[in-house]
Amino acid sequence: MSVHLVNPSDNSFGTGVITPRWLFVLAAATPQVAGDPILVDESLEQIEPETIHAGDIVGISVHTGNALRGYAVGKMARSRGAWVVYGGIHATLFPEEALERGEAHAVVKGDGDVAWGKVVRDCMAGNPVRIYEGGRIEGDQFLAARWDLMNPEKYMWASVQTIRGCPKHCSFCSVWRTDGQKPRQRKFQSVIDEIVSLRRLGFRFVALADDNFYPVTLTDLRLAREQNNTAKVEELTAIRQERFQLMEELAKLPKDMVFFTQITMEAGEDGDYLDAMRRANIKGALVGVEAVTPEGLKAVFKDWNYSGEALAKQLQTFKQHGVHVLGSFIFGLPTDKPATFDATVAMALKAGVTFAQFVMMTPFPGTVDFRRWEKEQAKDPTMVGDVPITRYWLIPTEVRPKMFTPHPTMSSDEIRERTQKVWDRFYNWSAIWQRSACTPNFSARIAFIFLSKLYRQMYAGTGISTDSARRKKSKRWARWTAKQCKRLFQAKPMPELASPKWEIGIPSLGQAAYQGSVGGVAGTFVVLPKD
Ligand code: B12
Ligand code: SF4
């Protein structure tokens, strides 16, 4: 009997940009009695059906974008006599769909770190239940990933999660509804230990795969103080202190390490935080700008973001503190007009963001936008074949529309074409060359140019370009470029690097008090002799 964990994908590039973390976390959650699981990441290569045997257990993770492929893998595995189990955000939201369409024996809702062990044991005993409630586990229960099972030749960036959940409530995002609004933070020691294990393998680029790396803003703290809410102040302060402690320890890691994360724009007001990020080698962060107009921000419940001149200034602040920004913008909001596209790219260039992505408005399940749209559609459902458009992920990719929610004044084609032009303008050779001046030397500059083009090209296959000839061509190009880029990310393994020896007296979250810079526990790195 073998356990297989499959990350489904229709698009295989041979090289992956970021490791799908769930694969290696669930590997760690697999009970020893079942042996080491076999990991298949289809964004590298497709699964070979003949590797699945009767009685095997196949765990499949689905998000909305890969649900259809995931169900095909599950059906194949079930037809070969395996136990089929789904998990991940989409299965959490639509467990019945995974049971029916994906022919699952079982579905895990929520976190898998604890639940997966029980599922495997139940399957081995021949009696899994239909639904397992994985729930939202606490930060100190998050498992470290089994990086020893990863092929380091295949990925550019590893991914380590330090916190789950986000206190905001943006209308297009499901994170706050599935992962919750209460930040669940891992102890910094376990994060550092895991990163050390990655650096030993030769990984120096690590994505901190967090929903929001800045869970407590200065405004949150101020409001709690103004309300004389001592308990809240203590709770927020403790979360914030743990963040600073983590960054202080990251700063002690080998100097060639580079981290990247996702953060809200409010961090731009918090110079101490940005400085701590810079010292921690968190060189870049995806910042959800979403819209450049106040109306657009209001439409996505993100009116705490800045617009206009203040926006440009706020984004520039990140760079001034040494943190590069990947600005994320959404097109297709009801408030968008033809002029919005020009204004957005002009803002992205003016604000000096180092990378940018321009995504099309997509109603993801579990979001406020989705619920509103589903309600409207219930009155007069639009069908594609026999599938209602509100279940767009079940529509075969060849005929799946690229936009789902109609815009009041622009057609989907117009929005797509204009979005495409924005990508082209932001990533034209001259703009990339100018931005590449931020790199320290010539080879880094070349790497930057490659990466910018790769980034732009990989998106061409995920919705912006529709015709299959262009898709095929961009896939070939992306495959080749990804391979070249992988080389740029390789570092010499450091097998001798040891984890810090943690001193006793780790402060409990409740006791800690933030004092500007953080004292308390300190880790010291010990480099063991080579033999
Ligand atoms: C890091 C991240 C990225 C990274 C890295 C992706 C990668 N290669 O891993 C980048 C920036 C590249 C990215 C890109 C995108 N992302 Co993203 N991403 C995330 C983020 C913040 C964390 C994912 C992560 O690694 N978590 C850590 C692991 C350990 O947690 P996990 O995956 O949830 O797995 C746990 C459980 O779900 C469960 N589980 C998961 N799988 C399975 C399987 C089994 C069998 C079992 C039992 C349990 C189980 O157990 C795990 C451990 O507890 C999530 C937000 C989130 N909270 O999930 C969004 C998220 C997954 N992304 C999202 C989206 C929309 C995208 C993009 C489409 C964005 C865009 N417009 O381009 C692209 C699509 C990329 C692609 N094709 O996959 C959405 C998905 C929504 C949905 N309904 O599908 C999320 C939820 C964020 C959101 N705003 O809502 N993403
Ligand atoms: S988009 Fe970002 S800030 Fe908004 S709820 Fe989602 S994770 Fe939080």
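Preceding this section is the structure that the text describes.
The shown structure was predicted, so the numbers you read here are calculated from the model rather than taken from an experiment.

Remark: a regular strand shows side chains that alternate across the two faces of the sheet. In terms of burial, strand 1 (residues 3-7) is largely enclosed, as 5 of its 5 residues are buried. In strand 1, alternate side chains face the same way, and those of V3, L5 and N7 on one face and H4 and V6 on the other are all buried. As paired elements, strand 1 and strand 4 (residues 57-61) share 4 bridges and run parallel to each other. Bridge pairing in strand 4 places L5 opposite G59.

In this model helix 12 (residues 308-320) runs 19 Å from its N-terminal to its C-terminal C-alpha over 13 residues, within 8% of the 18 Å that 1.5 Å per residue would give. When we look at burial in helix 12, the residues that qualify are L311, A312, Q314, L315, T317 and F318. On its buried face, helix 12 sits against strand 12 (258-263), helix 10 (271-279), strand 13 (282-290), strand 14 (324-331) and helix 13 (338-350).

Attention now moves to the nonpolar core. The biggest cluster of nonpolar side chains holds 90 residues, and the ones touching the most others in it are W116, L250, I263 and M277. Residue contributions to this core peak at 7 residues, all from helix 1 (residues 21-29). Not counting chain neighbours up to four residues away, the residues in contact with I263 comprise N212, F213, Y214, Y273, M277, A285, L286, V287, G288 and F318.

Moving on to the site of ligand 1. Neighbouring residues of ligand 1: 36 residues in total, closest S61, T64, D113, D179 and D211. Between S61 and ligand 1, the recorded distance is 2.7 Å, taken from a side-chain N or O atom to a nitrogen atom. Between ligand 1 and the protein, one listed contact pairs an oxygen atom with a side-chain N or O atom of R164 at 3.4 Å. Those elements giving two or more residues to the shell around ligand 1 turn out to be helix 1, strand 4, strand 5 (83-87) and strand 6 (106-110). Per-element accounting of the shell around ligand 1 gives the leading share, 4 residues, to helix 1. Across the shell around ligand 1, the residue classes tally to 17 nonpolar, 12 polar and 7 charged.

All told, the structure shown has 28 aromatic pairs when counted by the stated rule. Ring geometry for Y71 against Y86: centres 5.6 Å apart, planes inclined by 80 degrees, an arrangement best described as edge-to-face. Of the two residues, Y71 sits in helix 2 (residues 67-79) while Y86 sits in strand 5, which places them 15 residues apart along the sequence. You'll find Y71 and Y86 in the same group, each marked buried. Seen from their ring centres, Y392 and W393 are 5.0 Å apart, and the 80 degrees between their planes marks the pair as edge-to-face.

With that out of the way, let us pick up the sheet that holds strand 13. Spatially, the 7 strands line up as an open sheet ordered 2-8-11-12-13-14-15, and their pairing is parallel. Every other strand in the sheet has two partners, leaving strand 2 (16-18) and strand 15 (355-360) as the edge strands with one partner each. Neighbour-to-neighbour, the strand axes of the sheet open up by a mean angle of 25 degrees, direction not taken into account. Of the strand pairs in this sheet, strand 12 and strand 13 are connected by 5 bridges, and their pairing is parallel. When the bridges of strand 13 are listed, T261 appears paired with A285. Docked against the sheet, helix 7 (residues 188-201) engages strand 8 (155-160), strand 11 (205-208) and strand 12, running at close to 165 degrees with respect to strand 8. In the packing of helix 15 (residues 412-426) onto the sheet, contacts are made with strand 14 and strand 15, and the angle to strand 15 comes to roughly 175 degrees.

An order of 3-1-4-5-6-7 is seen for the 6 strands of this open sheet, with the pairing classed as parallel. The outermost strands of the open sheet, each flanked by one partner alone, are strand 3 (38-41) and strand 7 (131-135). Across the sheet, the axes of successive neighbouring strands diverge by a mean angle of 20 degrees, strand direction being ignored. The strands touched by helix 2 are strand 1, strand 4 and strand 5; relative to strand 5, the strand with the most contacts, the crossing angle is about 160 degrees. Lying on the sheet, helix 5 (residues 115-124) is in contact with strand 1, strand 4, strand 5, strand 6 and strand 7; it crosses strand 4 at an angle near 145 degrees.

Time to look at the pattern of salt bridges. Under the counting rule described, the total for this entry stands at 27 salt bridges. With a closest N to O distance of 3.1 Å, E249 and K252 form a salt bridge. On the accessibility criterion, E249 (0% relative accessible area) is buried. We classify K252 as partly exposed; its relative accessible area is 32%. Between R416 and D413 there is a salt bridge whose closest N-O contact spans 3.0 Å. Note that R416 and D413 are positioned in helix 15 at a spacing of 3 residues, about one turn of the helix. A relative accessible area of 15% places R416 in the buried class. Residues joined in a network through salt bridges with shared partners are D111, D113, R164, D179 and R184.

Interaxial distance between helix 9 (residues 230-250) and helix 10 falls to 9 Å at its minimum, and their mutual angle equals 30 degrees. Judged by the angle between their axes, helix 9 and helix 10 are roughly parallel. Crossing of helix 9 over helix 10 shows left-handed handedness. Of the residues in helix 10, those touching helix 9 at R240, R243, F244 and M247 are D272, Y273, A276 and M277. Residues that form the contact of helix 9 with helix 10 fall into these classes: 5 nonpolar, no polar and 3 charged.

With that out of the way, let us pick up the environment of H321. Within the secondary structure layout, H321 lies in the loop between helix 12 and strand 14. Separated by 47 residues in the primary sequence, H321 and L274 have C-alpha atoms spaced 6.0 Å apart. Excluding residues that lie within four positions of it along the chain, H321 makes contacts with G271, L274, D275 and R278. Only 2.7 Å separates the side chain of H321 from the side chain of D275, close enough to count as a polar contact.

Its location among the elements puts D41 in strand 3. The spatial distance from the C-alpha of D41 to the C-alpha of G16 is 8.9 Å, given a sequence separation of 25 residues. If we ignore the near neighbours within four places in the chain, the residues touching D41 are N7, P20, L23 and Y155. Reaching out from D41, the side chain makes a polar contact with the side chain of N7 at a distance of 3.1 Å.

What counts and how
- Residues numbered from 1 in each chain as written.
- Chains lettered and ligands numbered in written order.
- Predicted model: local features only at pLDDT ≥ 70, side-chain atom pairs only at ≥ 80, totals over all residues.
- Heavy atoms only, no water.
- Buried < 20%, exposed > 50% of the residue type's maximum accessible area, 1.4 Å probe, protein only.
- Helix = DSSP H or I, 4+ residues; strand = E, 2+ residues; numbered from the N terminus.
- Pairing = 2+ DSSP bridges.
- Expected span 1.5 Å × (residues − 1).
- Contact = heavy atoms within 4.5 Å.
- Core = buried A, V, L, I, M, F, W, Y, C linked by side-chain atoms within 4.5 Å.
- Near = heavy atom within 4 Å.
- Polar contact = N/O pair within 3.5 Å; in protein donor to acceptor, adjacent residues only side chain to side chain.
- Nonpolar A, V, L, I, M, F, W, Y, C, P; charged D, E, K, R; others polar.
- Phe/Tyr/Trp six-rings, centres within 6.5 Å; stacked < 30°, edge-to-face > 60°.
- Axes fitted to C-alpha atoms, helices over the stretch in contact; angles between N-to-C directions.
- Salt bridge = Lys/Arg side-chain N within 4 Å of Asp/Glu carboxyl O.
- Parallel < 35°, antiparallel > 145°, perpendicular 65-115°, else oblique.
- Left-handed = near helix turned anticlockwise from the far one by under 90°.

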